Amino acid sequence: SYAMQKLVEKKEGKGIYYWDLVHENVLKPIKAESFVLQHTEEPDGTKGIPIIGWGAYPTVDETAKIATLLLNEGRYENQQLLNKRKVQEALFLTDWEGYDSYENRRYNHSFWSRNISVDGCAKRVSYMVGHGGNYVMFLPDNAILIWYIDKMDYAIDPVVRAVGKTIEWCD
């Protein structure tokens with residue numbers, strides 16, 4: 001978040017906050033402008049920057065709107081709000097393999113992915129995960145799975161397999 005803020009200040013000028021740009025140019029158009037995000041508290045009282053690791057409090061409606069924007073590769077009502085290529089990379093829709101891997105997972109632009117098998121058919125599932133085990137998952141058949149929990153459960157395979165049996169998983 002700090003690096004993004006410094007990049008925006010370098011390009012747009014001091015006093016321009018990247019989260020204000022996100023709010024105005026992304027959240028407002030998709031009607032998710034009430035999205036609450038915790039910011040740092042600065043000693044001099046100036047506006048803080050978003051704490052991206054935790055402290056986001058979207059409603060289910062806002063979560064669905066943001067997830068749908070991502071599913072549509074950053075496009076909303078004939079307007080490209082996000083960089084299409086970066087969204088594709090984040091959702092593992094390109095050949096780029098990402099920044100890092102850990103066990104069966106890959107990491108791209110704050111998204112994780114892993115292969116999950118349903119009825120013997122393995123597919124890559126991309127997802128965002130929040131503190132406590134809250135998930136927004138992008139499944140085959142353009143399905144979005146939102147799973148809010150607070151028990152630090154990071155085992156997504158069982159819930160994905162259950163939902164996977166209700167959608168078109170295998171080609």
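Attention here is on the structure that accompanies the text. (Residues numbered from 1 in each chain as written. Predicted model: local features only at pLDDT ≥ 70, side-chain atom pairs only at ≥ 80, totals over all residues. Heavy atoms only, no water.)

Comments concerning the overall build of the protein
Inclusion rule: Working definition: helices are DSSP H or I runs of at least four residues, strands are E runs of at least two. Numbering for both runs from the N terminus. Note on definitions: a residue-residue contact is assigned when non-hydrogen atoms from the two residues lie within 4.5 Å. Only the protein chains shown count as cover for residues, and the accessible areas themselves come from Shrake-Rupley with a 1.4 Å probe. His is not counted, nor are the chain ends; Lys and Arg add positive charge and Asp and Glu add negative charge. For charged residues, the charge sits on one atom: NZ in Lys, CZ in Arg, CG in Asp, CD in Glu.
Of regular secondary structure, the protein possesses five helices and ten strands. Its C-alpha atoms give the protein principal-axis dimensions of about 55 × 40 × 30 Å. Look at the contacts in the protein between residues 6 or more apart in sequence, and 34% of them connect residues 24 or more apart. Within the structure as shown, the protein displays about 10,400 Å² of accessible surface, and the carbon and sulfur contribution to it stands at 52%. Once the 20 positive and 24 negative side-chain charges of the protein are each reduced to a mean point, those two points are 4 Å apart.

A closer look at the nonpolar core
Heads up, the rule is: By nonpolar core is meant a set of buried Ala, Val, Leu, Ile, Met, Phe, Trp, Tyr and Cys residues that side-chain atoms within 4.5 Å join together. To sort residues, take the accessible area from a 1.4 Å probe on protein chains only and compare it with the maximum for the residue type: under 20% means buried, over 50% means exposed, and anything in between is partly exposed.
Counting residues in hydrophobic clusters, the biggest one holds 16 residues, and the most contacted among them are V125, M137, L139, I156, V160 and W169. Secondary structure elements with two or more residues in this core: β7 (111–118), β8 (121–130), β9 (134–139) and β10 (143–147). Discounting residues that sit within four places of it in the chain, V160 has contacts with I116, V118, V125, M137, L139, L145 and W169. Core analysis: the second largest hydrophobic core is formed by eleven residues, V8, Y18, F35 and L69 among them.

Let's talk about the pairing of β10
The criterion, for reference: Pairing between strands is defined by DSSP: at least two bridges between them are needed.
Residues A143, L145 and W147 of β10 are buried on one face, while the alternating residues I144 and I146, pointing to the opposite face, are not. Pairing geometry for β9 and β10, over five bridges, is antiparallel. Bridging across to β10, V136 finds its partner in I146. From the end of β9 to the start of β10, which pair antiparallel, there are three residues, and D141 there has a positive phi angle of about 65°.

As for the layout of surface pockets
Using the following cut-off: Space inside and on the surface of the protein is sampled on a 1 Å grid over the protein atoms alone, with a cavity defined as a set of points where a 1.4 Å probe fits but cannot get out and a pocket as an open set with protein on both sides within 12 Å along at least 5 of 7 lines; lining residues have an atom within 4 Å of a point. Grid points are joined across faces, edges and corners, and a volume is the space filled by probe spheres set on the points. When residues are sorted by character, Ala, Val, Leu, Ile, Met, Phe, Trp, Tyr, Cys and Pro go into the nonpolar class, Asp, Glu, Lys and Arg into the charged class, and all the rest, Gly among them, into the polar class.
When its volume is computed, the largest pocket comes out at roughly 1,900 Å³. Looking at the lining of the largest pocket, the elements with two or more residues in it are α1 (2–12), α2 (18–27), β2 (56–57), α3 (60–71), α4 (84–90), β7, β8 and β9. Per-element tally for the lining of the largest pocket: the top contributor is α2, with seven residues. Tallied by class, residues from the lining of the largest pocket come to 33 nonpolar, eleven polar and two charged. In this structure, the second largest pocket encloses a volume near 250 Å³. Contributing to the lining of the second largest pocket are L71, L91, F92, L93, K123, R124, S126, F138, L139, P140 and N142. Among the elements of the structure, β8 and β9 are those that each provide at least two residues to the lining of the second largest pocket. It is β8 that contributes the most residues to the lining of the second largest pocket, three residues altogether. Here the lining of the second largest pocket is built from residues that sort into seven nonpolar, two polar and two charged.

Notes on the packing of aromatic side chains
Note the following rule: Here a pair means two rings of Phe, Tyr or Trp (six-membered ring of Trp) with centres within 6.5 Å. Their orientation is stacked below 30 degrees between planes, edge-to-face above 60, and tilted elsewhere.
Using the criterion set out here, one finds five aromatic pairs in the structure. Pairing Y18 with W19 gives two aromatic rings, centres 6.4 Å apart and planes at 90°, and the pair type is edge-to-face. Ring centres 5.9 Å apart and planes at 40° place the aromatic pair W19 and F35 in the tilted group. Taken together, the residues span a long stretch of sequence, with W19 in helix α2 and F35 in the loop between α2 and β1 (36–37) at a distance of 16 residues. The two residues W19 and F35 agree in class, both being buried.

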